[in-house]
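As a plain string of letters, each chain reads:
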Amino acid sequence: MTHAEEGRRSSVLVTVIVLVFSFGSVRDDNGLTHFTLLRLCLACVGTPDDSAGGQSPVVRAAHSETWLAARHFVLPLFIHDKPDDEPIASLPGCSRLSFAGLLKEVEGAIEDGIGMIEVFPAVPDSDKTVECEEAFNDAGIVPRAIRLLKEKWPTLVIVTDVALDPYNSLGHDGIVTPAGVIDNDSTLEVLAKQAVCHAQAGADIIAPSDMMDGRVRVIRTALDAAGFSHVSILSYTAKYASGFYGPFREALDSAPKVDAASTVPTHKKSYQMDPGNKREALREAALDEAEGADIMMVKPAGPYLDVIAALRSASTLPIAAYHVSGEYAMLKAACLNGWLDERKVVLETLVGIRRAGADIIFTYYARQASRWLAEDAAAMVGGRQFSDH
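Quick caveat, the model's predicted, so the values are computed rather than measured.

Criteria and thresholds
- Counting restarts for each chain, with residues numbered from 1 along the sequence as it is written.
- Reporting in this predicted model follows two pLDDT cut-offs: at least 70 for local features of residues, and 80 or more for side-chain atom pairs to be given and counted; totals over whole chains, interfaces and linings ignore these cut-offs and use all residues.
- To get the side-chain values, all heavy atoms of the structure are used, and hydrogens and water are removed first.
- Each helix is a run of DSSP H or I of at least 4 residues and each strand a run of E of at least 2, with the numbering of both proceeding from the N terminus.
- Contacts are residue-level and defined by heavy atoms, with any inter-residue pair within 4.5 Å sufficient.
- Interaxial angles span 0 to 180 degrees and are taken between N-to-C directions of axes, which are lines fitted to C-alpha atoms, for helices over the stretch in contact.
- Orientation is classified from the angle alone, with under 35 degrees giving roughly parallel, over 145 giving roughly antiparallel, 65 to 115 giving roughly perpendicular, and any other angle giving oblique.
- Here is the rule for handedness: rotate from the far helix to the near one, and if that takes an anticlockwise turn smaller than a right angle the crossing is left-handed, while a clockwise turn gives right-handed.
- Under the scheme applied here, ten amino acids are nonpolar (Ala, Val, Leu, Ile, Met, Phe, Trp, Tyr, Cys and Pro), four are charged (Asp, Glu, Lys and Arg), and all others, including Gly, are polar.
- Only protein chains enter the accessibility calculation, which uses a 1.4 Å probe; a residue is then buried when its area is under 20% of its type maximum, exposed when over 50%, and partly exposed in between.
- Here, a strand pair is defined by DSSP locating no fewer than two bridges between the strands.
- Between the rings of Phe, Tyr and Trp (Trp by its six-membered ring), a pair exists once the centres lie within 6.5 Å; its type follows the angle of the planes, with under 30 degrees stacked, over 60 edge-to-face, and the other angles tilted.
- By nonpolar core we mean a set of buried residues, namely Ala, Val, Leu, Ile, Met, Phe, Trp, Tyr and Cys, connected to one another through side-chain atoms within 4.5 Å.

### Description of the side chain of aspartate 288
Within the secondary structure, aspartate 288 is located in helix α9 (residues 279-291). Sequence-distant contacts of aspartate 288, that is, excluding residues within four places in its chain, are made with Arg215, Val216, Ser235, Thr237, Ala293 and Met296.

Structure (structure tokens):
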């Protein structure tokens, strides 16, 4: 388009806008408001997006409102105290990793540009108890894994899950009383010990996922008292009682135990959030921020994009989102069957989570997505500057 043509179109656009808005809020005989008329007129005239510049991937990238890069990802990893890796059937491409497998996986993740990982332990039944003492065992699998990783990569950011379900013989995130009630206050004492144990081993970010009331305050107080004021807290602020956690619970054997003769709840609805609630998430966010959270998380991500957006609007803290095991498994299953293009739908999904307001995304696709993004950047003219994102 020539400069003269561009000028004539601009004049037409201005005239259209003036004429349409001169009618105020009056509707025509068909009930069209001036906003509808404006949209119709603009569609007829055309907009600058129709110009040839939109054909260039470099220009499109420059105009992109939401960008995605390896630095936004946290890679969740499952670990166990066995000599070999064990593939997880419901999470194709993921395994319960031995320590040797963990080192290999983290090395690859770092090469892919990922600087943050989270470890989740598969604990033997023999180490699980109703009091969850293994959760704060300094010689346990998580502290040993942290030390091993920090010895090799001191600047690697290690996030650790603080909750009791991997260590609880009853499968709950909190201590269960003989009457089948989750004991909030007793649980807080164990969570504080667990957080300090992980910090002593070298964890950078403590991530309580238990959803007990007041746990951020108790953990912050315990960390500060033990000399770990520099260790951050990433709170699972809005963790919903979701059906999307199935593959994760299979990986760790951490689901509530089902026993018809027992009073122990077979679900986690008494402490995880109702999927129908959004205002509750805002209340939880206000409490977590006041108690000292450094980062707040929404889990799962995809079904709760509106909640991510609400927390982003309500707080200046960084917002994390967990693209959980069930979300990953659905995409994997569809793609393995050839029903979807994996690269396209995964990146679209992750961009959607970012667009909703997430600064950090926990995803099992972290390595694949990072490689795809690097390939896209390398294929673009001027790709080096975009890969620096």
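### Things to note about the packing of helix α6 (residues 184-201) against helix α7 (residues 215-225)
The interhelical angle for the contact between α6 and α7, taken along N-to-C directions, is 45 degrees, at an axis separation of 9 Å. By the angle between their directions, the pair α6 and α7 is classed as oblique. Handedness of the crossing formed by α6 with α7: right-handed. Between α6 and α7, the contacting residues are Leu188, Leu191, Ala192, Ala195, Val196 and Ala199 on the first element and Arg215, Val218, Ile219, Ala222 and Leu223 on the second. Considering only residue class, the contact of α6 with α7 consists of 10 nonpolar, no polar and 1 charged.

### Points about the environment of tyrosine 322
One can find tyrosine 322 in strand β11 (residues 319-323). The class for tyrosine 322 is buried, based on a relative accessible area of 0%. In the structure, tyrosine 322 is positioned 38 residues away from isoleucine 360 in sequence and 8.5 Å away in space, judged by C-alpha atoms.

### Quick notes on the pairing of strand β8 (residues 205-208)
Note on strand geometry: in a regular strand, side chains alternate between the two faces of the sheet. Where burial is concerned, the two faces of β8 agree: the one with Ile205 and Ala207 and the one with Ile206 and Pro208 are both buried. The pairing of strand β5 (residues 157-162) with β8 spans 4 bridges and is classified as parallel. Within β8, the position partnered with valine 162 by the bridge is proline 208. Relative to strand β9 (residues 232-239), β8 is paired through 2 bridges, and the arrangement is parallel. Within the sheet, the bridge partner assigned to isoleucine 205 lies in β9 and is serine 232.

### A few points about the packing of aromatic side chains
In this structure the tally under the stated criterion is 11 aromatic pairs. When the ring of tyrosine 328 is compared with that of tyrosine 364, the centres are 5.7 Å apart and the planes differ by 65 degrees; the resulting orientation is edge-to-face. Here tyrosine 328 is found in helix α11 (residues 325-336), whereas its partner tyrosine 364 is found in the loop between β12 (360-363) and α13 (366-379), with 36 residues between them in sequence. Residue classification places tyrosine 328 among the buried positions, given a relative accessible area of 2%. On the basis of relative accessible area, tyrosine 364 is assigned to the buried category, the value being 7%. With centroids separated by 6.4 Å and ring planes inclined at 35 degrees, the aromatic side chains of tyrosine 365 and tryptophan 372 adopt a geometry described as tilted. By way of ring pairs, the aromatic residues Phe78, Phe120, Phe248, Tyr322, Tyr328, Phe362, Tyr364, Tyr365 and Trp372 are connected into one cluster.

### Here we look at the nonpolar core
Counting residues in each nonpolar core, the largest one holds 109 residues, and the members touching the most others are Phe78, Leu223, Leu234, Ile308, Tyr322 and Phe362. Of the residues forming this core, the biggest block, 8 residues, is contributed by α6. Residues within four places of phenylalanine 78 in sequence aside, it is in contact with Ile88, Leu91, Ser95, Arg96, Leu97, Phe120, Phe248, Ala251, Leu252 and Tyr364.

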